[in-house]
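This is what each chain is made of:
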Protein chains: 2
Amino acid sequence: MPRENDFKVKLAQYRELVLPTIAAATPAREPRRHLYDLIGGYLSRVGKGLRPALCIATCRAFGGRDEDVLKSAAALELLHNAFLVHDDIEDESDFRRNEPTLHKQHGVALAVNVGDAMNALSLRLVKDNLPVLGGARTWGVLQEFDHMILETLEGQALELGWVRENNCTATEDDYLRMVLKKTCWYSFIHPCRIGALIARGEGVDLDRFNRFGFFTGAAFQIQDDVLNLVGDASRYGKEIGGDLWEGKRTLILAHLFRSIGSTDLSRVRTLLARPRQLRLPRDIAWLGDMVTTHGSIDYARDVSRQLIAAAESEFETAYGDVPDGPDKTFIRQLVHYMVTRDL
Amino acid sequence: MPRENDFKVKLAQYRELVLPTIAAATPAREPRRHLYDLIGGYLSRVGKGLRPALCIATCRAFGGRDEDVLKSAAALELLHNAFLVHDDIEDESDFRRNEPTLHKQHGVALAVNVGDAMNALSLRLVKDNLPVLGGARTWGVLQEFDHMILETLEGQALELGWVRENNCTATEDDYLRMVLKKTCWYSFIHPCRIGALIARGEGVDLDRFNRFGFFTGAAFQIQDDVLNLVGDASRYGKEIGGDLWEGKRTLILAHLFRSIGSTDLSRVRTLLARPRQLRLPRDIAWLGDMVTTHGSIDYARDVSRQLIAAAESEFETAYGDVPDGPDKTFIRQLVHYMVTRDL
């Protein structure tokens, strides 16, 4: 079986493992119609399940038990979905996982509330660890969630602030700092930290995962930004070029800002200053041409590959001292998948 | 000094007590401009501080110490503000505490994110109780927060669902059930429960506050709905008649639905079916006339007074066995204030 398929099969197995816990986290009670049914429906749009997989695999690699980690892994996935619902409102996105975004289907009001409720249900799962993990480890997991939630919201504020102020000077370093906050902590660093914490308690230095998760997460986000421009819509599940419509500051745009002449930069600035609904298809097409012509997409692909090389080296710091096995192998494959993925 | 002023002076004293803890809960770090400065600015719009006051007063009345309760009281106020920011987006409200709502000032995107961050900072405060309260009581407080957050979001879903479906058959019972969820748990019942829990640990049956908080909270919300129609805008801090513009299902509308003939009801339905921006001032004026003519506002005032009488009786169940003192007196005054307040 080719390596790529092997990885996807394993990823799906981790997802299967955590789905019952995710499903059980939504209360079977009223109000269904405008709250819990919407949550259930949204969660049934099957995502990749990267975060729970990374958390479970890390827990196992460090000698932990599935039953100890499932609630936290499910909580990560619920939190991720809570973020997605609010992010899509904030970015005015139209599609998510091949369907209209939740606020497009049910209005901004109900979608804000659904995101809030998914966030609350995620923390309920963390709290429900107590009888399984005991006070110290449950408390540790809660601390990890506390840190990752605020980091993510800070990263989101940076990104939204750039759009709001029509910032056209953000550098690649600015971008990477923003991505560390917006993506890396909650999607990569903390899933690893939480997995190891549950397996070993206080006995392991969790900071060992920070650089590994940062490099992997930045590569993931940059690949996501690339796919947003050149991916296959049906596989990617979102509108292709959506980031340009939304004016999202990606590494690709940061590269463009420093690569084009002042006349073109001024045209980019004017274009991005318009509210989304006033941007014209021909403007967006021009912007798409610019990032291609100036090599900004290829540049982003290169950076992504360099980050993966760095992540592969950091893998040794993070996992070098745990025994080889299928879970450790899966995590190594996951790093590679970050730049080969097409969805 | 008149009783009313006496109450307001005391309320302000409780507020002063908790303000430093609230201020310290906002991290002094980046990103300021699009996140933490917005939180600081919003929190400086001084609210009444009912929830922390009720929590602190209950803790003291049950023999607890200020230093034990301040973080939880501050967390209640932060959570309240998080709810307000999201509620105003959901209801498309224009004014809050005499200023434009946060999303009117800074856009929906940043406001959704700010609300999320205030919610996270609130839970961080609860978590930071650990060194002060120890595991068992901190855990108890966390459970209380978990319950009140989900109840509130469920109530919000009910209310938003009615608006979205243009429900014109909601009964007074439906309304009271919704208000129990949307308002009473987080604004009245849980502040009392948390105060007593912190003072006494497991040694007190917290359900003793449930009926007291429900009656008080329902009276509070109905008075709020009345003030929204007949209050003084500068004191109330919101647009007068805003609820009619938003189509919010209040006890006043529930009374109107059952009091008017089918022709007028049909006109109400048509009017409320229009999106807010397509409602005309003359339509809203007509609706305002209808609720006056049919005695719906007076009816709501009556119900509010009846609820206060019930709350005064429940006060004995909730606080009858604690010694008399200034905090117990304050809580009794607070009940009375629910129907006399003009802001």
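Residues numbered from 1 in each chain as written. Chains lettered and ligands numbered in written order. Predicted model: local features only at pLDDT ≥ 70, side-chain atom pairs only at ≥ 80, totals over all residues.

## Digging into the overall build of chain A
Counting its secondary structure elements, chain A contains 15 helices and two strands. Here the C-alpha atoms of chain A give a radius of gyration of 20 Å, agreeing with the 20 Å that 2.2 N^0.38 yields for 343 residues. Referenced to the eigenvectors of the C-alpha coordinate spread, the extents of chain A come out at roughly 60 × 50 × 40 Å. Classification of the 343 residues of chain A by burial places 53% in the buried group. (Helix = DSSP H or I, 4+ residues; strand = E, 2+ residues; numbered from the N terminus. Rg over C-alpha atoms; globule rule 2.2 N^0.38 Å. Buried ≥ 20, exposed ≤ 12 C-beta atoms within 10 Å, placed from the backbone.)

## Overview of the environment of A:V230
Residue and element names in this part refer to chain A. Looking at the secondary structure, you find V230 in helix 8 (residues 210–230). In this structure V230 comes out as partly exposed when scored by C-beta crowding, with 15 C-beta atoms within 10 Å. V230 sits 11 residues away from G241 along the chain, and the two C-alpha atoms are 7.8 Å apart.

## Section: unusual backbone geometry
All names here are of chain A. In this structure, P31 follows E30 across a cis peptide bond, with omega equal to -5°. Tracing the chain through its elements places P31 in the loop between helix 1 (3–24) and helix 2 (32–43). Unlike most non-glycine residues, E92 shows phi in positive territory, near 55°. When you line up the elements, E92 lands in the loop between helix 4 (66–90) and strand 1 (95–96). Positioned with a positive phi, N166 is a non-glycine residue whose angle comes to about 50°. If you trace the backbone, N166 turns up in the loop between helix 6 (130–164) and helix 7 (172–200). Here N166 falls in the partly exposed class, since 15 other C-beta atoms lie within 10 Å of it.

## Here's the deal with the interface of chain B and chain A
Counting residues at the interface gives 34 residues for chain B, matched by 34 residues for chain A. When contributions to the side of chain B that touches chain A are tallied by element, the ones reaching two or more residues are helix 2 (32–43), helix 4 (66–91), helix 5 (102–127) and helix 6 (130–164) of chain B. Here the element with the most residues in the side of chain B that touches chain A is helix 6 of chain B; it accounts for 15 residues. Here the residues of the side of chain B that touches chain A sort into 19 nonpolar, seven polar and eight charged. (Contact = placed C-beta atoms within 7 Å. Nonpolar A, V, L, I, M, F, W, Y, C, P; charged D, E, K, R; others polar.)

## A short note on the relation of the copies chain B and chain A
When chain B is fitted onto chain A, the two copies agree to an RMSD of 0.0 Å after a turn of 180° and an axial shift of 0.0 Å. Between the two chains, the operation in question is that of a two-fold axis. A shared binding surface is used by both copies, with 100% of the interface residues of chain B retained as interface residues in chain A. (Least-squares fit on C-alpha atoms with pLDDT ≥ 70 in both.)

## Some points on helix 4 of chain A
Given a rise of 1.5 Å per residue, 25 residues ought to cover 36 Å, and the 35 Å separating the end C-alpha atoms of helix 4 of chain A matches this to within 8%. Among the 25 residues that make up helix 4 of chain A, 22 are buried, leaving the element largely enclosed by the rest of the structure. (Expected span 1.5 Å × (residues − 1).)

## A short note on the nonpolar core
Core analysis: the biggest nonpolar cluster contains 220 residues, and A:L78, A:V114, B:L78 and B:V114 have the highest contact counts within it. Discounting residues that sit within four places of it in the chain, A:V114 has contacts with A:L35, A:L38, A:I39, A:V85 and A:L102. (Core = buried A, V, L, I, M, F, W, Y, C linked by C-beta atoms within 7 Å.)

## Remarks on the packing of helix 6 of chain A against helix 2 of chain B
Their axes nearest at 9 Å, the elements helix 6 of chain A and helix 2 of chain B cross at an angle of 120°. Judged by the angle between their axes, helix 6 of chain A and helix 2 of chain B are oblique. The residues of helix 2 of chain B that touch helix 6 of chain A, namely those facing A:E154, A:A157, A:L160 and A:G161, are B:R33, B:H34 and B:L35. Across the contact of helix 6 of chain A with helix 2 of chain B, the residue classes break down as three nonpolar, two polar and two charged. (Axes fitted to C-alpha atoms, helices over the stretch in contact; angles between N-to-C directions. Parallel < 35°, antiparallel > 145°, perpendicular 65-115°, else oblique.)

## Focus on the environment of A:A310
In this structure, A:A310 sits in helix 14 (residues 296–319). The sequence separation of A:A310 and A:F215 amounts to 95 residues, and the corresponding C-alpha distance is 6.5 Å.

## Focus: the packing of helix 6 of chain A against helix 7 of chain A
Residues and elements named next belong to chain A. Running from N to C, helix 6 and helix 7 point in directions that differ by 170°, and their axes come no closer than 7 Å. The angle between helix 6 and helix 7 falls in the class roughly antiparallel. For the contact of helix 6 with helix 7, the per-class residue count stands at 10 nonpolar, five polar and eight charged.

## Regarding the confidence of the model for chain A
Here chain A averages 94 in pLDDT, and 98% of its residues register 70 or above. Interface predicted TM-score (ipTM) for the complex: 0.96; the corresponding pTM is 0.96. (pLDDT = per-residue confidence, 0-100.)

## Quick look at the environment of A:H190
All names here are of chain A. When you line up the elements, H190 lands in helix 7. With 30 C-beta atoms packed within 10 Å, H190 lands in the buried category. Among all residues touching H190, those that are not within four sequence positions of it are E144, M148 and W185.

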